[in-house]
Amino acid sequence: MTWITAASLAAWAWLLLGQGFFWRTDVRLPPRTPPEDWPAVAVVVPARDEAEVLPTSLPSLLAQDYPGPLEIFLVDDGSTDGTGELARALAGEHGGPPLTVSSPGEPAPGWTGKLWAVRHGMALALDRTGAEYLLLTDADIAHGPDSLRELVAAARTGGLDLVSQMARLRVTTFWERMVVPAFVYFFAQLYPFRWVNRPGGRTAAAAGGCVLLRREAALRAGVPESIRQAVIDDVALARAVRRSGGRIWLGLADRVESVRPYPGLGPLWRMVSRSAYAQLLHSPLLLAATVAGLAVVYLAPPVAVVAGALTGAVVPLTCGGLAWAVMAGTYAPMLRYYRQPLWLAPLLPVTGLLYLLMTVDSAVRHHRGRGAAWKGRTYARPEAAP
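A quick note: this is a predicted structure, and the numbers were derived from the prediction, not measured. (Residues numbered from 1 in each chain as written. Predicted model: local features only at pLDDT ≥ 70, side-chain atom pairs only at ≥ 80, totals over all residues. Heavy atoms only, no water.)

### Let's talk about the overall build of the chain
When helices and strands are counted, the chain shows 13 helices and ten strands. Counting only C-alpha atoms and orienting by the principal axes, one finds that the chain spans roughly 70 × 50 × 40 Å. Buried residues in the chain amount to 55% of all 386 residues. Within the chain, counting contacts between residues at least 6 apart in sequence, those at least 24 apart form 82% of the total. In the structure as shown, the chain presents an accessible area of about 16,200 Å², 60% of it carried by carbon and sulfur atoms. (Helix = DSSP H or I, 4+ residues; strand = E, 2+ residues; numbered from the N terminus. Buried < 20%, exposed > 50% of the residue type's maximum accessible area, 1.4 Å probe, protein only. Contact = heavy atoms within 4.5 Å. Areas by Shrake-Rupley, 256 points an atom, 1.4 Å probe, with all protein chains shown as cover.)

### Considerations on the pattern of salt bridges
Applying the stated criterion across every chain yields a total of 20 salt bridges. As a salt-bridge pair, Arg214 and Asp161 come within 2.8 Å of each other at their nearest N and O atoms. Taken together, the residues Arg214 in strand β7 (residues 210-214) and Asp161 in the loop between α5 (147-158) and β6 (162-168) connect sequence positions 53 residues apart. On the basis of relative accessibility, which here comes to 6%, the residue Asp161 falls in the buried class. In this structure, Arg365 engages Asp361 in a salt bridge whose closest nitrogen and oxygen atoms are separated by 2.8 Å. Taken together, the residues Arg365 and Asp361, both in helix α13 (residues 348-367) and four residues apart, mark about one turn of the helix. Several salt bridges share partner residues, and in doing so they unite Arg32, Asp146, Glu150 and Arg255 into one network. (Salt bridge = Lys/Arg side-chain N within 4 Å of Asp/Glu carboxyl O.)

### Comments concerning the packing of helix α6 (residues 174-190) against helix α10 (residues 265-279)
Between α6 and α10, the shortest axis-to-axis distance is 10 Å and the interhelical angle comes to 20 degrees. Relative to α10, α6 is oriented roughly parallel. As for how α6 packs across α10, the hand of that crossing is left-handed. Here α6 contributes Trp175, Glu176, Val179, Val180, Phe183 and Leu190 to the contact with α10, which in turn contributes Leu265, Leu268, Met271, Val272 and Gln279. The residue inventory of the contact of α6 with α10, partitioned by class, reads nine nonpolar, one polar and one charged. (Axes fitted to C-alpha atoms, helices over the stretch in contact; angles between N-to-C directions. Parallel < 35°, antiparallel > 145°, perpendicular 65-115°, else oblique. Left-handed = near helix turned anticlockwise from the far one by under 90°. Nonpolar A, V, L, I, M, F, W, Y, C, P; charged D, E, K, R; others polar.)

Here's what the structure looks like:
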């Protein structure tokens, strides 16, 4: 136990100081100046059975205070709940920029459903408009009235090819409080925003709910064709843009929010487990290393504190207590960002255990042939795709 808790403390010392200060929540849109000429923008919204959230999210796009040419393309990806009809009705009710609703049909072999819909929407947008930028946004994302204006100004000012904001997810229920802030915290730990935003850096990531992409960068990177099998499509998109020489930026949002509710643990579990094993490249070795790492980093500190207090072992108690304190301290800024009480910070080991179990469940589902399942579709690992 002594060696394990010492390793955990060393890991937290590294995470605190050496992992791009991932725990800080001050990475917001960079300094920007309104351009003299506002470029044309086409918004692409892939939507599959989104009638529940569309009345909140779509009006926010129709109400964008954007000075330049703007069109919206909603791709109804095989919905059975009237998503397309509802989108047309909302456009008629709220007005705003032109809205085109189209359907791509079933995905071609080798494509994930979302990227097939994005491909269709991008093709329509590029064929019908002279848009310099594409805003790729999910159907559950609501944008503040100045969201697009700020994104474009940041891209133009910084010479950025891709600007992405991590939407503020909904946090209302007990399970949302336990899982959602940690989801963003773990994402930032894997892809520290400061590392992503370094020109010429090797770390690349984006948040799929809100991505502003320059037309030339998309064509140069060959997206979405070059990433057509990606389950974690936002990270794959950012990597493709960076590999092709593009400049990317990622940060937290102030005016972009997800309106999708997660009333229980089940929907949150599925959200995480559908892509967890894909994140590990479907590798049993990486799975084993991840499980061991999560256990040492997140579970060992509280176990050492309890064991040390019961047995009088000073070293495990001290090392475990310090590691637990650093863990909670690095989690506190994310809780503040989500306007949650700080007493949740010491409970991060509980959430870490949940994520460990979700990761294992993701691997089990894959090996049982259910793979990455989402909204009625199941995807094999890329090399096994037809």
